[in-house]
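# Descriptive structure summary
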Amino acid sequence: MYIKKAKILNPLGIHGRAANKFTHAASQFDSHIFVERADDALKKANAKSIVFLLALCLNQNDEIIISAEGPDEENAVNALVDCLQTLADEE
């Protein structure tokens, strides 16, 4: 299992369009990928599901933990952390 902490930088948080791009990026990998709120480990979502990701209600400056387990786990987590960076300027 590979894990990294990240911060939501987008001023609007993870809204519909941002969630769509994030889940699309996650779907490119074979690993099982999860996103959880750093402040509440019970709030954990499948990173490939837009519905579950939106249910986390992620706002700007929220910290999350991205974890993956599988053949491309390290690449998956790093790609999703990078994806959050590109979404930072999107509204």
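Residues numbered from 1 in each chain as written. Predicted model: local features only at pLDDT ≥ 70, side-chain atom pairs only at ≥ 80, totals over all residues. Heavy atoms only, no water.

For the protein chain, the helix and strand inventory stands at 3 helices and 4 strands. At 11 Å, the protein chain has a C-alpha radius of gyration in line with the 12 Å of a compact globule built from 91 residues. Overall, the C-alpha framework of the protein chain stretches about 35 × 25 × 20 Å when taken along its three principal axes. A sequence separation of at least 24 residues applies to 73% of the contacts in the protein chain between residues at least 6 apart. With an accessible surface of roughly 5,000 Å², the protein chain has 50% of that area assigned to carbon and sulfur atoms. (Helix = DSSP H or I, 4+ residues; strand = E, 2+ residues; numbered from the N terminus. Rg over C-alpha atoms; globule rule 2.2 N^0.38 Å. Contact = heavy atoms within 4.5 Å. Areas by Shrake-Rupley, 256 points an atom, 1.4 Å probe, with all protein chains shown as cover.)

This next bit is on the nonpolar core. In a soluble, globular protein the nonpolar side chains are often hidden away together inside. Within the largest apolar cluster, 26 residues are counted, with the highest numbers of intra-cluster contacts made by Phe 22, Ile 33, Val 35 and Ile 66. Elements with a contribution of two residues or more to this core: α1 (16–26), β2 (32–37), β4 (63–69) and α3 (73–87). Among the elements that take part in this core, α3 stands out by supplying 7 residues, more than any other. Each residue touching Ile 66, except ones within four places of it in the same chain, is listed here: Tyr 2, Ile 3, Lys 4, Phe 22, Ile 33, Phe 34, Val 35, Val 77, Leu 80, Val 81 and Leu 84. (Core = buried A, V, L, I, M, F, W, Y, C linked by side-chain atoms within 4.5 Å. Buried < 20%, exposed > 50% of the residue type's maximum accessible area, 1.4 Å probe, protein only.)

So, on to the packing of aromatic side chains. Tallying each qualifying case throughout the model produces 0 aromatic pairs. Stacked on the ring of Phe 34, the Lys or Arg Lys 44 has its end atom at 5.1 Å from the ring centre. (Phe/Tyr/Trp six-rings, centres within 6.5 Å; stacked < 30°, edge-to-face > 60°. Lys NZ or Arg CZ within 6 Å of the ring centre and 35° of its normal.)

Moving on to the sheet that holds β4. By way of backbone hydrogen bonds, the strands of a sheet pair with one another, either parallel or antiparallel. Strand order in this open sheet of 4 strands is β1-β4-β2-β3, and the pairing throughout is antiparallel. Edge positions in the sheet fall to β1 (2–7) and β3 (40–46), since each has one partner strand and no second. Sheet twist, expressed as the mean angle between neighbouring strand axes with direction ignored, is 25 degrees. Strand direction decides the pairing type here: β2 and β3, joined by 4 bridges, are antiparallel. Considered in β3, the bridge of Phe 34 is made with Asn 46. (Pairing = 2+ DSSP bridges. Axes fitted to C-alpha atoms, helices over the stretch in contact; angles between N-to-C directions.)

This next bit is on α3. Over its 15 residues, α3 extends 21 Å from the first C-alpha to the last, a length consistent with the 21 Å expected when each residue adds 1.5 Å. For α3, every residue scored as buried is listed here: Ala 76, Val 77, Leu 80, Val 81, Cys 83, Leu 84 and Leu 87. For α3, the angular spread of buried residues about the axis comes to 155 degrees, placing them on one side. Projecting away from the buried face of α3 at angles above 90 degrees are the exposed residues Asn 75 and Thr 86. (Expected span 1.5 Å × (residues − 1). Arc of directions from axis to C-beta.)

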